[in-house]
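Letter by letter, the chains look like this.
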Amino acid sequence: MSAEQAKVDPMHQFTIEPLFGSEGWELGGTGLNIAFTNSALWMLITTVVLFLFVLGGMKRELVPGRWQMMVETFTGFIDDMLEANVGKAGRKYVPYIFSLFMFILFANLLGLMPLGVVGLHPFTFTSHFTVTGVLAIMSFSIVLLVGFWKHGLHFFSLFVPHGTPWPMVPVIAPIEFISFMVRPFSLGLRLFVAMMAGHVLLEVLSSFVIDGWGAGVGFGFLVGLPSFILMIGICALELLVAGIQAYVFALLTSLYINDAENLH
Amino acid sequence: MPQIAQLAETWSSQVFWLLIFFGLTFFVIGRGMVPKVMETVAHRDSQIAGDLAAAKAARDAADAQEDAWRVRENENRASAQAIVAKAKDEAAAKSEKKLKAAQARIDSKLDEAETRIAEARTAALAEVESVAVEAAQDIVSRLAGVKVTKPAATKAVKEAMNHG
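Residues numbered from 1 in each chain as written. Chains lettered and ligands numbered in written order. Predicted model: local features only at pLDDT ≥ 70, side-chain atom pairs only at ≥ 80, totals over all residues. Heavy atoms only, no water.

**Some words on the overall build of chain B**
- Secondary structure assignment for chain B yields 3 helices and 0 strands.
- At 63 Å, chain B has a C-alpha radius of gyration far larger than the 15 Å of a compact globule built from 164 residues.
- Overall size of chain B, expressed as C-alpha extent along the three principal axes, is 195 × 20 × 15 Å.
- A buried classification covers 16% of the 164 residues belonging to chain B.
- About 12,200 Å² of surface is accessible on chain B, with carbon and sulfur atoms providing 62% of the total.
- Here chain B contributes 23 positive and 23 negative side-chain charges, whose respective centroids are spaced 5 Å apart. (Helix = DSSP H or I, 4+ residues; strand = E, 2+ residues; numbered from the N terminus. Rg over C-alpha atoms; globule rule 2.2 N^0.38 Å. Buried < 20%, exposed > 50% of the residue type's maximum accessible area, 1.4 Å probe, protein only. Areas by Shrake-Rupley, 256 points an atom, 1.4 Å probe, with all protein chains shown as cover. Lys, Arg positive; Asp, Glu negative; His and termini not counted. Charge placed at Lys NZ, Arg CZ, Asp CG, Glu CD.)

**Observations regarding the overall build of chain A**
- Looking only at helices and strands, chain A has 7 helices and 4 strands in total.
- The principal-axis extent of the C-alpha atoms belonging to chain A is close to 70 × 55 × 50 Å.
- Burial analysis of chain A (264 residues in total) assigns 43% to the buried set.
- Taking all contacts inside chain A whose residues are at least 6 apart in sequence as the whole, residues at least 24 apart take part in 65%.
- Here chain A has roughly 13,500 Å² of accessible surface; of this, 74% comes from carbon and sulfur atoms. (Contact = heavy atoms within 4.5 Å.)

**A closer look at the interface of chain B and chain A**
- Each partner contributes to the interface: chain B provides 37 residues, whereas chain A provides 50 residues.
- Considering only the surface of chain B that becomes buried against chain A, B:Gln3, B:Gln14 and B:Phe22 emerge as the three largest contributors, covering 18% of it.
- Notably, a salt bridge pairs A:Glu72 with B:Arg44, separated by 3.0 Å at the nearest N-O pair.
- Across the chain B-chain A interface, the total number found is 13 residue pairs in polar contact (both at pLDDT 80 or more). (Buried area = accessible area lost by both parts, 1.4 Å probe. Salt bridge = Lys/Arg side-chain N within 4 Å of Asp/Glu carboxyl O. Polar contact = N/O pair within 3.5 Å; in protein donor to acceptor, adjacent residues only side chain to side chain.)

**Some remarks on a nonpolar patch on the surface**
- Taken together, A:Leu44, A:Val48, A:Phe51, A:Leu52, A:Leu55, B:Ile20, B:Leu24, B:Phe27 and B:Val28 make up a surface patch of nonpolar side chains, about 730 Å² in accessible area.
- Counting only elements with at least two residues in the nonpolar patch, the list comes to α2 (38-56) of chain A together with α2 (7-143) of chain B.
- Examined against the element boundaries, A:Leu52 turns out to sit in helix α2. (Patch = residues over 30% accessible without salt bridge, like charges linked within 9 Å, V, L, I, M, F, W, Y side chains within 5 Å.)

**Quick word on the packing of aromatic side chains**
All names here are of chain B.
- Evaluation of the coordinates by the stated rule reveals 23 aromatic pairs over all chains.
- Between Phe16 and Trp17, the aromatic rings sit 5.0 Å apart at their centres with planes inclined by 80°, giving edge-to-face as the arrangement.
- A relative accessible area of 11% means that Trp17 is categorised as buried.
- For the pair Phe26 and Phe27, a centre-to-centre distance of 5.0 Å together with 70° between the ring planes defines the contact as edge-to-face.
- Its relative accessible area of 54% is what places Phe27 among the exposed residues. (Phe/Tyr/Trp six-rings, centres within 6.5 Å; stacked < 30°, edge-to-face > 60°.)

**Regarding the pattern of salt bridges**
Residues and elements named next belong to chain A.
- Counted by the stated rule, this structure contains 12 salt bridges over all chains.
- Here Glu261 makes a salt bridge to Lys92, at a shortest N to O gap of 3.3 Å. Residue Glu261 is located in helix α7 (residues 217-262), and its partner Lys92 is located in the loop between α3 (66-85) and α4 (94-112); the two are separated by 169 residues in the primary sequence.
- One continuous salt-bridge network, built from bridges that share partners, spans Lys92, Lys150 and Glu261.

**What about the nonpolar core?**
- A:Val54, A:Ile97, A:Met102, A:Phe125, A:Leu135, A:Phe249 and B:Leu18 are the most contacted members of the largest nonpolar core, which totals 62 residues.
- Among the elements of the structure, α2, α3, α4, α5 (129-151), α6 (169-214) and α7 of chain A together with α2 of chain B are those that each provide at least two residues to this core.
- Looking at which element gives the most residues to this core, the answer is α4(A), with 13 residues.
- Contacts of A:Phe249, omitting those with residues within four sequence positions, involve A:Leu100, A:Ile104, A:Thr132, A:Leu135, A:Ala136, A:Ser139, A:Leu187 and A:Leu191.
- Counting residues in hydrophobic clusters, the runner-up holds 7 residues, among them A:Leu112, A:Leu202, A:Leu205 and A:Ile234. (Core = buried A, V, L, I, M, F, W, Y, C linked by side-chain atoms within 4.5 Å.)

**Things to note about α2(A)**
- Taking 1.5 Å of rise per residue, the 19 residues of α2(A) would be expected to cover 27 Å, and the 27 Å separating its terminal C-alpha atoms lies within 8% of that figure.
- Within α2(A), burial applies to A:Asn38, A:Ser39, A:Ala40, A:Trp42, A:Met43, A:Thr46, A:Thr47, A:Leu50, A:Phe53, A:Val54 and A:Gly56.
- Residues of α2(A) that are buried sit in contact with β1 (18-20), β4 (36-37), α3, α4 and α5 of chain A together with α2 of chain B. (Expected span 1.5 Å × (residues − 1).)

**Topic: α7(A)**
- In this model, α7(A) (46 residues) spans 64 Å end to end at C-alpha, consistent with the 68 Å of a helix rising 1.5 Å per residue.
- Count one or two residues on from α7(A) and you reach A:Leu263, which has phi positive near 50°.

**A closer look at the environment of A:Trp25**
- Assignment of secondary structure puts A:Trp25 in the loop between β1 and β2 (26-27).
- What makes A:Trp25 partly exposed here is its relative accessible area of 35%.
- Along the chain, A:Trp25 and A:Gly220 lie 195 residues apart, while their C-alpha atoms are 48 Å from each other.
- The residues contacting A:Trp25, other than those within four sequence positions of it, are A:Phe20, A:Leu32, A:Asn33, A:Ile34, A:Ala35, A:Phe36 and B:Trp17.

Geometry only, nothing functional implied.
In structure tokens:
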């Protein structure tokens, strides 16, 4: 067995593999390929699991069971977050923020499931900036639409914070504008980078474990075992990151919506 | 880095399927199911608040009724005492009246008896007089041999009796 074969490619897990429809499936006549890939499969799985999760909370009992309580905790959590950040007007965004938060959370968590043990290959589609970018652009578009629909051209006053002395306006406004325009990029890249970094780290550590034990018992105890212990810790950290990144995405979206709803 | 290496060939598929599945998530779960879940929560909250308010109202009503009952009870007690006092007064008045009537009856009986006694005495006296007249006639005729008429004898007896 050569060393080349045993090598683990930490990037391979992000490869998109068309499952079917790679040839003929094109969108309209645009020539854009819409093959059903492993990424799309995990989006489907995320949607179905999320649907089943929320369905379990739909019993609408006066005295909730555990599952219903759990679902109601999540809806209440999103509701409270929007009410705290946006106010009463924030309630109408609960469906969107809830969908966003739960979709990202479930995608992150499902991507971390140790399904490789039974031969399946989990795929974390939130580690692709094409996906996180679309989600970020969606949130940013909502902010723009709500802002211009509610405040018209007055929405541009967002770039002049309250109490700015007028000689400072020409300096402050471009800075505010740039920071505003950076939002969708920071929103999308943050999630993409966090998810990818975690998965790469786990993969690299697992390659240390495999290569360490492959190089002999001495290296196994010297490198493989500490790496494995570290991996367990990183796994717990990654579960935390999965929740935090979903929360950050939803929280920032609600903060941006607050700007659009209330200016400042 | 497959994210960049495969960008040209996969981005349309990624965007397309993301829009499909996130759209499904948003419209079916976010728009369809979440409001119902939140409605259940709101319904429960309002029911709890309503139950608490109803319990408070019931307690207030019970307190008010107890107060009203106490007032009524006091009124009833006062009116009962008034009735008792009235009955007592009436009874006293009635017995007094009866006593008075009985007294009157006794008095009238006494008067009657007294008159009867007086009559009897006058009758007896009259009899004594007539007896005395006859006796006086008898005695005079025997002693003096003089026949005295009855009126004269009567006159004489009356004079004698009046002089004692």
